[in-house]
Amino acid sequence: MVRGTNSPIQWLLDLRTYGLKIHYNSTTIGHVGWMNQDQLLYQQFNFTMGDFRGFIHGLISSARQILHNELLFTVENGSVPAIPWQAIYDDPTETAHGWNFLKDTRTPWPVEGEQWLIGRVRQHGSPVRQRFIESSAGRLRMAAIDAYLQRVAYFREKLAIAIHVSGGQPARAPELLSIRHCN
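Residues numbered from 1 in each chain as written. Predicted model: local features only at pLDDT ≥ 70, side-chain atom pairs only at ≥ 80, totals over all residues. Heavy atoms only, no water.

Colleague: Any chance you could break down unusual backbone geometry for me, citing the residues and the numbers?
Modeller: Unlike most non-glycine residues, Gln43 shows phi in positive territory, near 45°. Structurally, Gln43 can be placed in the loop between β2 (39–42) and β3 (45–48). Positive phi, close to 60°, is recorded for Phe73, a residue that is not glycine. Within the fold, Phe73 resides in the loop between α2 (49–71) and α3 (74–77). (Helix = DSSP H or I, 4+ residues; strand = E, 2+ residues; numbered from the N terminus.)

So this is what it looks like as structure tokens:
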């Protein structure tokens, strides 16, 4: 399988290379068209840019509602601490295992981020604790935990769609699924 030999594999590699050259140097049939000022036509679908913006706003609103009401328990336990968006720092040169932007000492966080959510679950007498922990035996309610994790997965799906659709050029699956916040 070494290039430059006259083997059958070399012949297959040459054919593949030639086919890829033709593929990448030829124009393909277009499917996207415009009508009027802002109506987009794609194969059998048509929508306006206002419709698209409405879809994105609805998606973000739905994801925000799931995050606040179902994942962060703002309905049962009050509000979420304010995030200092303008004062978030990150050090992309930091290579320590487990390091992320939440650990950057320059960012003034209002709460301890790694323990904040579990602290809400462990708080005695809270409705969140009653949802996940049996008060008499102190055992975990596995069905409730499974349902919570399903909602986390559903939220992540909505977030992935929002990133994919509204982030400029659509990302390929490996790019989209490799986004991480932690080393």
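Colleague: Would you mind going over the environment of Trp34 in detail, with residue names and values included?
Modeller: Following the sequence through the fold, Trp34 ends up in strand β1 (residues 32–35). With relative accessibility at 55%, the residue Trp34 sits in the exposed group. Considered as a pair, Trp34 and Asn46 are twelve residues apart in the sequence and their alpha carbons are 9.2 Å apart. Trp34 has contacts with Gln39, Leu40 and Met49, leaving out every residue within four places of it along the chain. (Buried < 20%, exposed > 50% of the residue type's maximum accessible area, 1.4 Å probe, protein only. Contact = heavy atoms within 4.5 Å.)

Colleague: Can you tell me about the packing of α2 against helix α6 (residues 142–166), naming the residues and giving the values?
Modeller: One can describe the packing of α2 onto α6 by two numbers: an axis separation of 10 Å at closest approach and a directional angle of 155°. Between α2 and α6, the angle is such that the two are roughly antiparallel. In the crossing of α2 with α6, the sense of the turn from one axis to the other is left-handed. Here Phe52, Phe55, Ile56, Leu59, Ile60, Ser62, Ala63, Ile66, Leu67, Glu70 and Leu71 of α2 come into contact with α6, specifically with Tyr148, Arg151, Val152, Tyr154, Phe155, Lys158, Ile161, Ala162, Val165 and Ser166. Looking at side-chain class alone, the contact of α2 with α6 contains 16 nonpolar, two polar and three charged residues. (Axes fitted to C-alpha atoms, helices over the stretch in contact; angles between N-to-C directions. Parallel < 35°, antiparallel > 145°, perpendicular 65-115°, else oblique. Left-handed = near helix turned anticlockwise from the far one by under 90°. Nonpolar A, V, L, I, M, F, W, Y, C, P; charged D, E, K, R; others polar.)

Colleague: Before we move on, can you summarise the packing of aromatic side chains with the specific residues and values?
Modeller: For any pair of aromatic rings, geometry is given as the distance between the ring centres together with the angle between the planes. This model, assessed by the stated rule, comprises five aromatic pairs. Their ring planes at 85° and their centres at 5.6 Å tell us that Phe132 and Tyr148 sit as a pair that is edge-to-face. A residue pair is termed long-range when its members are at least 10 positions apart, and Phe132 in helix α5 (residues 127–132) and Tyr148 in helix α6 qualify at 16 residues. (Phe/Tyr/Trp six-rings, centres within 6.5 Å; stacked < 30°, edge-to-face > 60°.)

Colleague: Could you give an account of the pattern of salt bridges, naming the residues involved and the relevant values?
Modeller: Within the structure shown, the criterion is met by three salt bridges. A salt bridge links Arg106 to Asp104, with the shortest nitrogen-to-oxygen separation between them at 2.8 Å. On the basis of relative accessible area, Arg106 is assigned to the partly exposed category, the value being 45%. (Salt bridge = Lys/Arg side-chain N within 4 Å of Asp/Glu carboxyl O.)

Colleague: Tell me about the sheet that holds β1, and name the residues and values.
Modeller: With antiparallel pairing, three strands are arranged side by side in an open sheet as β1-β2-β3. The open sheet has two free edges, formed respectively by β1 and β3, since each of these has just one partner strand. When strand polarity is set aside, the average angle formed by the axes of neighbouring strands in this sheet is 25°. Pairing analysis gives four bridges linking β2 to β3, with the strands arranged antiparallel. Along β3, the bridge assignment pairs Leu41 with Asn46. Strands in contact with α2 are β1 and β3; relative to β3, the strand with the most contacts, it is inclined by about 85°. (Pairing = 2+ DSSP bridges.)

Colleague: A description of the pairing of β1 should follow, citing residues and the corresponding values.
Modeller: Remark: a regular strand shows side chains that alternate across the two faces of the sheet. Pairing analysis gives four bridges linking β1 to β2, with the strands arranged antiparallel. Bridged to Met35 within β2 is Gln39. In sequence, β1 turns back onto β2 through a hairpin of three residues, with Asn36 there showing a positive phi of about 55°.

Colleague: Describe the side chain of Gln39, naming the residues involved and giving the relevant values.
Modeller: One can find Gln39 in strand β2. Owing to a relative accessible area of 18%, Gln39 belongs among the buried residues under this scheme. Beyond its immediate stretch of four places on either side in the chain, Gln39 contacts Gly33, Trp34, Asn46, Phe47 and Thr48.

Colleague: Describe α6, listing the residues and the values that go with them.
Modeller: For α6, spanning 25 residues, the distance from its first C-alpha to its last is 36 Å, which sits close to the expected 36 Å at 1.5 Å a residue. Listing the buried residues of α6 in full gives Tyr148, Phe155, Lys158 and Ala162. Buried residues in α6 make contact with α2, α4 (113–122) and α5. (Expected span 1.5 Å × (residues − 1).)

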